[in-house]
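Residue-level listing of the chains:
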Amino acid sequence: GTVGLLGPNGAGKSTTMRLITTYLQPTTGRITVGGKDTAEAPIDVREQLGYLPELTPVYPEMQANEYLDFIASVRGVEQADKRVDWVVQACGLEPVYKRPIIELSKGFKQRVGLAQALLHDPKVLILDEPTSGLDPIQTLAMRDLIAELAKEKTILLSSHILSEISANTDRVIIINQGKIVAEDSIDNLSKFLNKRKQLRLRINGPAEQVIERLSKIEALLEVAYQEPYYLLEFEKSKQPQAEVNQVLAQEGWTLFAMEEIEMSLEEIFVKLTRDSEEEL
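Just so it is clear, the structure is predicted and the values come from calculations on it, not from any experiment. (Residues numbered from 1 in each chain as written. Predicted model: local features only at pLDDT ≥ 70, side-chain atom pairs only at ≥ 80, totals over all residues. Heavy atoms only, no water.)

Peer 1: Any chance you could explain the overall build of the chain here in plain terms?
Peer 2: Across its full length, the chain carries 11 helices and 12 strands. Its C-alpha atoms give the chain a radius of gyration of 24 Å, more than 25% over the compact-globule value 19 Å for 280 residues. At a minimum sequence separation of 6, the contacts of the chain that also span at least 24 residues come to 69%. Split by element, the accessible area of the chain, about 15,000 Å² in all, is 48% carbon and sulfur. (Helix = DSSP H or I, 4+ residues; strand = E, 2+ residues; numbered from the N terminus. Rg over C-alpha atoms; globule rule 2.2 N^0.38 Å. Contact = heavy atoms within 4.5 Å. Areas by Shrake-Rupley, 256 points an atom, 1.4 Å probe, with all protein chains shown as cover.)

Structure below.
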């Protein structure tokens, strides 16, 4: 299965992954992987993990085959030749297998990085922004590979792009400024969204007065202004349109457009991260 770690840039995703993979040690708290403590038994933890950092850890002057043979040797991989052959095929590296890594495209470098993470057949894969910088075709290929690997392994995958998390994961953890602000399945987050809607309005009144007046309508959960639109958030069970029209009529403001729209996953992501910042 796959868990997505989602958050804006600087939220703490990469730091969390570096802590889990023993590249950093926690100053407080404790991290265990498969029952092994990252501080007390880092070698045991590393044996269980495959790690693909955001910056692919390759030696550019080596050929892809030389690099994978080297990693297999360092890790003491049993039946190394067979295992290298498997990761080359699984990661689609046959076209570039004997080329210097420095000559490879970003997509193939990412694949080489994933191949090294898979060489020792780890139980857990830690993938930090694995599709960052890839073109659409490379992204789809990487998604397919991650989905196939997730059938047998536990995968923690980070991204700041919600569509990536939606496409690749069963469960999502949203973090902001080092704190968890939401944790649920994609399906449950979608169900939560389906309870809410927005009205998008264009009005010719003064913005501050419009926001102040509309904010007094009890049925509305939130009123925001994103020029030229006013966004009014409400629960599906309530229909505030009549009250909105009444306010506009009382104030003499002209309504140019009113549209009811579904809230997107992107909007809930922005809302959760923004709300968490306001609490700090």
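Next comes the rest of the description.
Peer 1: Help me understand the pattern of salt bridges, please; the structure alone is not making it clear to me.
Peer 2: Between side chains of opposite charge, a pair can form when the charged atoms approach closely. Counted by the stated rule, this structure contains nine salt bridges. Among the salt bridges present, the one from Asp37 reaches Arg30, with a minimum N-O distance of 2.7 Å. A relative accessible area of 7% places Asp37 in the buried class. By relative accessible area, Arg30 is classed as exposed at 61%. Two residues, Arg83 and Asp121, come together in a salt bridge whose shortest N-O distance is 3.5 Å. (Salt bridge = Lys/Arg side-chain N within 4 Å of Asp/Glu carboxyl O. Buried < 20%, exposed > 50% of the residue type's maximum accessible area, 1.4 Å probe, protein only.)

Peer 1: What am I meant to see in the pairing of strand β10 (residues 220-226) here?
Peer 2: Sheet analysis places β10 next to strand β11 (residues 229-235), joined by six bridges and oriented antiparallel. In the sheet register, Gln226 faces β11, and the bridge partner there is Tyr229. In textbook terms, the turn of a hairpin is the stretch between consecutive antiparallel strands, and for β10 and β11 this stretch comprises two residues. (Pairing = 2+ DSSP bridges.)

Peer 1: Hey, could you run me through the sheet that holds strand β1 (residues 2-6) in this one?
Peer 2: Whenever strands of a sheet pair, they do so through backbone hydrogen bonds, lying parallel or antiparallel. The six strands lie next to each other as β4-β5-β6-β1-β7-β8, forming an open sheet whose pairing is mixed. Lying at the two open borders of the sheet, with one neighbouring strand each, are β4 (49-52) and β8 (179-185). Between one strand and the next, the sheet's axes are offset by a mean angle of 15°, whatever the strand orientation. (Axes fitted to C-alpha atoms, helices over the stretch in contact; angles between N-to-C directions.)

Peer 1: Just checking my understanding: could you explain a nonpolar patch on the surface for this structure?
Peer 2: Together, Tyr59, Phe70 and Val74 line one region of the surface with nonpolar side chains, adding up to about 280 Å² of accessible area. Mapped onto the secondary structure, Phe70 falls in helix α3 (residues 64-75). (Patch = residues over 30% accessible without salt bridge, like charges linked within 9 Å, V, L, I, M, F, W, Y side chains within 5 Å.)

Peer 1: Would you take a moment to explain the packing of α3 against helix α4 (residues 80-90) for this structure?
Peer 2: A pair of packed helices is captured by two measures, namely the crossing angle of their axes and the spacing between those axes. Orientation of α3 relative to α4, taken along the N-to-C sense of each, is 130°, at an axis distance of 10 Å. With respect to their mutual orientation, α3 and α4 come out oblique. Where α3 crosses over α4, the handedness of that crossing is right-handed. Listed contacts from α4 to Leu68, Asp69 and Ala72 of α3 are Ala80, Val84, Val87 and Val88. (Parallel < 35°, antiparallel > 145°, perpendicular 65-115°, else oblique. Left-handed = near helix turned anticlockwise from the far one by under 90°.)

Peer 1: Which parts of the structure should I look at to understand the sheet that holds strand β9 (residues 196-203)?
Peer 2: A sheet is described by the order of its strands in space; here four strands give the open sequence β10-β11-β9-β12, paired in antiparallel fashion. With partners counted over all chains shown, the strands left at the sheet margins are β10 and β12 (255-262), one partner each. Taking the axes of each pair of neighbouring strands and ignoring which way they run, one obtains an average angle of 20° across the sheet. Its contacts with the sheet put helix α9 (residues 207-214) on β9, β10 and β11, and the angle it makes with β10 is roughly 170°. In this fold helix α10 (residues 241-251) packs onto β9, β11 and β12, with an angle of close to 160° to the strand it touches most, β12.

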